[in-house]
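Commentary on secondary and tertiary structure
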Amino acid sequence: MAPLLVALIPFFWVCDATNRSSLATVGRDQGIFQYVAWAVLRGDVDYRDIRDVNGPLVHLLHVVMLVLGGGDEHRFHVLELLATGISFAVAGACLPGLVSKRTPSPVTRLAWALAGWVVLSGQYHLYTYWNQAQRESFCDWFLLPSLALQLLPPARTKQRASLRIVGIAALSTITWFGKPSFLPFTVAQLIVLLLERDDVLSRSARFGRFVLGGLLGAVVPMAYLLRYGDAATFIRISLLDVPQVYRFIWAKSVPEIFGEEGPLGDATLGVACAVLVTSLVAVRELPKRALVVPLGIGAGLCNVIAQHKGFGYHFHPLTALTALGWLMVVVMIAERFEGAPRKRPLGRYFSLGIATALGLFVASNMKNSPHTRNVWILGGGETAERRADPEYFATFRNHDFFPWEMRQAAQYIASHTSPDARVQVYGMDPYLLFLAERKSATPYIYAYDLNADAALDGGWKNRPTDAQRARIRGIRHDHEHDMLRKLKANPPEVFVFIDRSPLITFQDAWEDFRYACPDSAAWVGANYHPARAFGEFHVWIHDGSKNPDVEAPYATPWSEGATDGTL
């Protein structure tokens, strides 16, 4: 009864939030990776033709989803939610047998799999659409099954024990190729694995199998990188650009990260869960292998801190493992009292009470879900036609994200350029290129590669030194002149400037481009003219275009004397 109580109490609300989240558009980051995957499938070399600081696993997963029809935003969300849900269910299914001496039946595992899906989906849907389908949640697809395998009772034969350890390590190590900050999870898992005493393999044998599994886990993302990417450029970006430039962008100190109400609450619940589980292991109510959850929670905190930014989606592993920890405690109590005699039912009543409490906790939290609160989406996004209306996209617009205007600009570019046209974007939304089905003219799809102010400013207690600032300026200079060389060698048909983009200094993107990249701006001004504006998206067309298509307010010549981006 315990797993059914946990699952059924919040079941409706979790299903409802899952449905509503599938009706959302995609945010900026998801759109970026959709473009990267689309361009790679059409011949661009990853990292060489498309500069990105993220690992190849994320690009590979988006490639797979595009192949499965994920170019449609609704189907993309369905695929993502399906994979996420499977990882949650696997985690729940592996919990039975923690303390029970009896082998759990398939029905028991299925019941706890349902409870796992409900509880972990409940925490997942507390994230906004912007923070779902992110790199951390993708890495959870592999991390959670890896941890779940480790929670299973150790195998009784050397062959099965070896396969289990290889699987644990392979699933854990592959996450490094999504984000290297997942390394602490693997270290935590190895520590717990070596602490176990009831394994049929020696510690040295376990370590060897773990290393083998780690190497196997690297095979798939490395194969993608070698087949579709430029490994040398990826290594240079990861080892030079990230530590020298990107780590200073949007940088936050630990007090800033955890000083906000949401992150502070997540961290507090995580620490409380870790302390509880560790205490239960210390008093031998839980086996030592259960330590992988509290140590994983600690690794989740390290993952957040190591990235110096504290974005909401950085907390996915932490909140998922916290939810898994609470569920694990319920499993422990349920198994502890499952054989209690009917004449002494207090233990079973306590077990059912704890299960009910967790179910109510999840159900209560769902009132805070941004998807549950988004009542309009049920009508405004229920069909593909309604999800194409301006009113639909207006609900997702914010201070620097303009989904409807992006689609207007993309439609214009698609209808006014040749199918093989190249387009250069100055902003932070290469999803425009995906929507227009046009490739970028240069690898520089992010404004921060060309405007270094955000990196030069740094953050509180994380400001670059004078020497670091000089390196940042030098890298930016190299980026601009590499871009300009490529633009001159093969001029794109269209240049797009996106006002109010993140990480630009001036709200007017053309003004910012002239400020950050004066040499490139002079060349663009001499060879392109403004054609159309769709809100914050300004489309400039090459002067030699067969379809100049200039309309008011862009019917006046561009003034070289202007310094504020006016025309």
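Here the residue numbering is sequential within each chain, running from 1 through the sequence in written order. For this predicted model, a pLDDT threshold of at least 70 governs which residues receive local features, and a threshold of 80 or more governs which side-chain atom pairs are given and counted, while totals over whole chains, interfaces and linings are taken from all residues. Think of the side-chain values as coming from all heavy atoms in the structure, minus any hydrogens and water.

**Description of a nonpolar patch on the surface**
Quick note on the threshold: Think of a patch as exposed residues, more than 30% relative accessible area, with no salt bridge, where like charges cluster within 9 Å and nonpolar side chains (Val, Leu, Ile, Met, Phe, Trp, Tyr) cluster within 5 Å. To be clear on the numbers: accessible area is Shrake-Rupley with a 1.4 Å probe, and residue cover counts the displayed protein chains and nothing else. Basic side-chain nitrogens of Lys or Arg form a salt bridge, by our definition, when they fall within 4 Å of a carboxyl oxygen of Asp or Glu. Helix numbering and strand numbering both begin at the N terminus, where a helix is a DSSP run of H or I of at least 4 residues and a strand a DSSP run of E of at least 2. Think of it in three bands: residues with accessible area under 20% of the maximum for their type are buried, residues over 50% are exposed, and the middle band is partly exposed, with areas taken using a 1.4 Å probe on protein chains only.
A grouping of W176, L183, V187, I191, L195 and L295 is seen on the molecular surface, where their side chains present a nonpolar patch of about 470 Å² in accessible area. Sort the elements by how many residues they give to the nonpolar patch and helix α9 (residues 183–195) lands first, with four residues. Given a relative accessible area of 32%, W176 falls into the partly exposed group.

**Quick word on unusual backbone geometry**
At Y47, a position not held by glycine, the phi torsion is positive, near 75°. Examined against the element boundaries, Y47 turns out to sit in the loop between α3 (28–41) and α4 (56–67). On the basis of relative accessible area, Y47 is assigned to the buried category, the value being 1%. Phi angles above zero are rare outside glycine, and W250 is one such case at about 55°. According to the relative accessible area criterion, W250 is partly exposed, its value standing at 40%.

**Description of the environment of L110**
Checked against the element boundaries, L110 lands in helix α6 (residues 106–124). A relative accessible area of 62% means that L110 is categorised as exposed. When the C-alpha atoms of L110 and P3 are compared, they prove to be 9.4 Å apart, with 107 residues separating the residues in sequence.

**What to know about the packing of aromatic side chains**
Aromatic ring pairs are described here by two measures, namely the spacing of the ring centres and the angle between the planes. For the record, the criterion: Within 6.5 Å between ring centres, the rings of Phe, Tyr and Trp (the latter by its six-membered ring) count as paired, and their orientation is classed by plane angle as stacked under 30 degrees, edge-to-face over 60, tilted in between. Note on geometry: a ring has a charge over it if NZ (lysine) or CZ (arginine) is within 6 Å of the ring centre and within 35 degrees of the ring normal.
All told, the structure shown has 35 aromatic pairs when counted by the stated rule. The ring of Y228 carries R227 above its face, with NZ or CZ at 4.5 Å from the centroid. Directly above the ring of Y246 sits K309, whose terminal nitrogen or CZ lies 4.6 Å from the centroid.

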